[in-house]
Amino acid sequence: MFALVSARSGIEVKMAKNLIIVESPAKSKTIKKFLGKNYEVVASNGHVRDMPKSQMGIDMEHDFEPHYITIRGKGELLAGLRKEVRKADKIYLATDPDREGEAISWHLCQALKLDPAKTSRITFNEITKNAVRQALKQSRGIDMDLVDAQQARRVLDRMVGYSISPLLWAKVKRGLSAGRVQSVALRIIADREKEIEAFIPKEYWSLEASFAVSGVKKPLTAKYYGDPEKREISGKEDVERIVGELQGADYHISSIRRGERTKKPPLPFTTSTLQQEGAKQLNFATRKTMQVAQQLYEGVAVKGHGTIGLITYLRTDSTRISEEADTACREFITENYGSENITEGANTAGSGKNIQDAHEAIRPTYVELTPAQVKDSLSRDQFRLYQLIWKRFVASRMHSARYETVSVRIDGGGHRFTSAGSKLVFPGFMAVYQGEDDKEEANTALAKLKEDSRLQLEKLEKEQHFTQPPAHYTEASLVKALEELGIGRPSTYAPTISTLISRRYVVKEQKNLYLSELGEIVNRIMLTNFPGIVDVNFTATMEALLDSVADGDVEWKTIIRNFYPDLKESVTQAEKELEKVEIADEVTDVICDQCGKNMVIKYGPHGKFLACPGFPECRNTKPYYEKIGVTCPKCGGQIVIKKTQKGRRYYGCENNPECDVMTWQRPSGEKCPKCGGMLLDKGNKLVCADSACSTIIEKQKS
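Treat the numbers as computed from the prediction; the structure is a model and nothing was measured.

A. Examining the sheet that holds strand 30 (residues 678-682) more closely. The antiparallel open sheet is built from 4 strands, whose spatial order is 29-30-31-32. Each having just a single partner strand, strand 29 (667-671) and strand 32 (696-698) make up the two edges of the open sheet. Across the sheet, the mean angle from the axis of one strand to that of its neighbour is 35°, orientation sign disregarded. Relative to strand 30, strand 29 runs antiparallel, the two sharing 2 bridges. Each residue of the ladder has a partner; that of proline 667, found in strand 30, is leucine 680.

And the structure:
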């Protein structure tokens, strides 16, 4: 307690000391500024207890009770917290407002043996003076439903990881592991790779015409539509015939349609959309986006304001905004952009089945603190992310953008061309926020056109195209896919992707995610032995069950009791299968140049490599290039499987760098009958490696 002396009576008055425990020192510093001297704010630095790393940590004989121990290195910190607890009259646990935060508070209660009578839980969505003081007035007990939901997830993940990982080590020697959500994410990436590899490109052509318009310097460009009904140009002969019929024809405007369209403002950010836009607009990895957002949430020293939290809580799947924040934003827009720019009603998304809606959307805590005002107080990354969040939030409360549109049909020679354009007449939200797809060029030539006007053809441009395979996943598109499929939750997206990359199951090159050799091996083993674990629908259903635990509708151990027997049976079956597999090193014809022995194939964290069997006396190793039985069409050498520096697999000539032949798809060994190039294996078809050659051959069924 603090002792003060009354000026009037001289009697010593004791003031109660309140202790607030948060996770991070940055957060404690920010909160301390809002409260008086009778509040002490300390940090636990995240979790203080967890299951042991050296064993499963779950008592299977006693209803799957988890065994928790103090995390290594946290003993001294807990001792310091106990001293503070003894000095306090009231303890408030102010960890993050989600399941993980609730679990940390519960573990603190257990580790510090806190008295329930003088311990309360407080939560706030933003670290502001009003929010913290309001939370203190609305303190409550630990929500055990949220704690149990987190325990259920932790136990499920531990069961999967600690049951399956040893099997992967036995199968592939070392360096591999499995995870419940991680393995499904890996499968999603692997399935996309198969789609890409099996994709057969189809040829098509485009035809664009340029017409002279009276009174306008810039010609009017129009795209081929049909004859006159809409159709695609099938090939070179087709386009040449059309061009021939268009030469010397008379052209006129057959119709002009003028209208108006609107573009709705964007919704405020959720965790998923923030990660996606952070990747697209700022080129941030999902992990970096979350790290920088955490800094903005916990508090940054801003000139003239001290240390303040600049954004609301960063883990949310809701687009809902509090009434207070909505009012403040509308007032800001009125003062700075005019009342005509304020939208009517709230701009929110519908509540989907996977949305928990526990917290507000991610927004600035003080809308009046514009990015320009705080720029000098933030790092470059902090400023760019804050600016993105601020603009998106303000834009979400503004009117739709309005465009005047015009579309034109041009007929001639029995064929039809179309041209369309738009002109921004009311920017609305676009005065604040513009995405990549919001930038449009007005076609000035269209404004001068009148129906039945005659046009003079200036030139025709024909171009060959090929349909493109599905795009490789990026971090942004994978997050979107995981969210749509109901895999994981806002807090799990970034760590799941980071794990896949750090364990080298997936490699990242120029934003794209590619399956590595290791990833392919792990995915194949998981699909073969544990199809239920990597089943997308099963994992999504499990997430829904965890939500039911958090809602208090399902007892958490019921999920574990139903899940474990199937897992145990799958593991037992896989162990039997593995017992039949004699895992021996494959001997090659490559001679060790240090001791003369035949080198063997080994598996490491980066895939296969050649090693001397005389280890540890001889430690010689070499890269391993697996031959696929195909001769290089350029130099006669062997085509081998190689990998990029990051581990992505490709096929190249063994005589590289003298020979530059390479391809991402597997060569079939057959030559193209049309151009003599390599035919690539594409599922049930063979496709020429030369993109200019359109040869596609159906494989002979055996």
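B. The packing of helix 6 (residues 180-198) against helix 13 (residues 475-485), seen in detail. Packing of helix 6 against helix 13 brings their axes to within 11 Å, and their N-to-C directions diverge by 115°. Here the hand of the crossing between helix 6 and helix 13 comes out right-handed. Residues Ala185, Ile188 and Ile189 of helix 6 form the contact with helix 13, whose own contacting residues are Leu478, Leu482 and Leu485. Of the residues belonging to the contact of helix 6 with helix 13, the class tally is 6 nonpolar, no polar and no charged.

C. Region of interest: the packing of aromatic side chains. Per the stated rule, a full pass over the model turns up 9 aromatic pairs. Their ring planes at 65° and their centres at 5.5 Å tell us that phenylalanine 64 and tyrosine 564 sit as a pair that is edge-to-face. Separated by 500 residues along the polypeptide, phenylalanine 64 in the loop between strand 6 (58-59) and strand 7 (65-66) and tyrosine 564 in helix 17 (residues 556-580) bring together distant segments of the chain. As far as the burial class goes, phenylalanine 64 and tyrosine 564 line up, both buried. Ring geometry for phenylalanine 332 and tryptophan 390: centres 5.5 Å apart, planes at 90°, overall edge-to-face. With phenylalanine 332 in helix 10 (residues 323-337) and tryptophan 390 in helix 12 (residues 380-396), this residue pair connects regions lying 58 residues apart in the sequence. For the pair phenylalanine 332 and tryptophan 390, one class covers both residues: buried. Put simply, the rings of Phe211, Tyr224, Tyr251 and Phe417 touch in pairs and so form one group of aromatic residues. Here the basic side chain of arginine 49 rests over the ring of tryptophan 106, its NZ or CZ set 5.7 Å away from the ring centre. Sitting over the ring of tyrosine 625, lysine 642 keeps its end group 5.0 Å from the ring centre.

D. Molecular detail of unusual backbone geometry. Cis peptide bonds are those with omega within 30 degrees of zero, and the linkage from aspartate 227 to proline 228 qualifies with -10°. Here proline 228 shows up in the loop between strand 12 (220-226) and helix 7 (236-246). The linkage connecting asparagine 656 with the following residue, proline 657, adopts the cis geometry, with an omega of 15°. Mapped onto the elements of the fold, proline 657 is located in the loop between strand 27 (649-653) and strand 28 (662-663). The backbone of asparagine 45 sits at a positive phi, close to 55°, despite the residue not being glycine.

E. Inspection of the pattern of salt bridges at higher detail. The full count for this structure, using the stated rule, is 34 salt bridges. In this structure, the salt-bridge partner of glutamate 360 is arginine 363, at a minimum N-O distance of 2.8 Å. A relative accessible area of 3% means that arginine 363 is categorised as buried. In this structure, aspartate 593 engages lysine 622 in a salt bridge whose closest nitrogen and oxygen atoms are separated by 3.5 Å. Linking aspartate 593 in the loop between strand 21 (586-591) and strand 22 (598-604) with lysine 622 in strand 24 (residues 621-623), this pair joins segments that are 29 residues apart in sequence. Note on aspartate 593: relative accessible area 56%, which makes it exposed. Residue classification places lysine 622 among the partly exposed residues on the basis of a relative accessible area of 26%. Look at the salt bridges and you will find they share partners, linking Asp227, Arg231, Asp238, Arg241 and Glu245 into a network.

Criteria and cut-off values
- Here the residue index of a chain counts from 1 through its sequence in written order.
- Whole-chain, interface and lining totals are the exception, using all residues; otherwise, since this is a predicted model, local features are given only for residues with pLDDT of at least 70 and side-chain atom pairs are given and counted only at 80 or more.
- With hydrogens and water set aside, each side-chain value is computed from the structure's full complement of heavy atoms.
- Pairing between strands is defined by DSSP: at least two bridges between them are needed.
- Counting from the N terminus, the helices are DSSP H or I runs at least four residues long and the strands are E runs at least two residues long.
- Note on geometry: axes are lines fitted to C-alpha atoms, helical ones only across the stretch in contact, with angles between N-to-C directions running from 0 to 180 degrees.
- Crossings are sorted by hand: turned counterclockwise from the far helix by less than a right angle, the near helix makes the crossing left-handed, and turned clockwise it makes it right-handed.
- Should any heavy atoms of two residues lie within 4.5 Å, those residues are considered in contact.
- Under the convention adopted here, Pro, Cys and the residues Ala, Val, Leu, Ile, Met, Phe, Trp and Tyr are nonpolar, Asp, Glu, Lys and Arg are charged, and Gly plus all remaining residues are polar.
- Each aromatic pair joins two rings of Phe, Tyr and Trp (for Trp, the six-membered one) with centres within 6.5 Å, and gets the label stacked for planes under 30 degrees apart, edge-to-face for over 60, and tilted for any other angle.
- Partly exposed residues are those whose accessible area sits between 20% and 50% of the maximum for their type, while under 20% is buried and over 50% is exposed, using a 1.4 Å probe and protein chains only.
- Placement of a charge over a ring requires the Lys NZ or Arg CZ to be within 6 Å of the ring centre, with the centre-to-atom vector within 35 degrees of the ring normal.
- By definition here, a salt bridge exists when the distance from a side-chain nitrogen of Lys or Arg to a carboxyl oxygen of Asp or Glu is within 4 Å.

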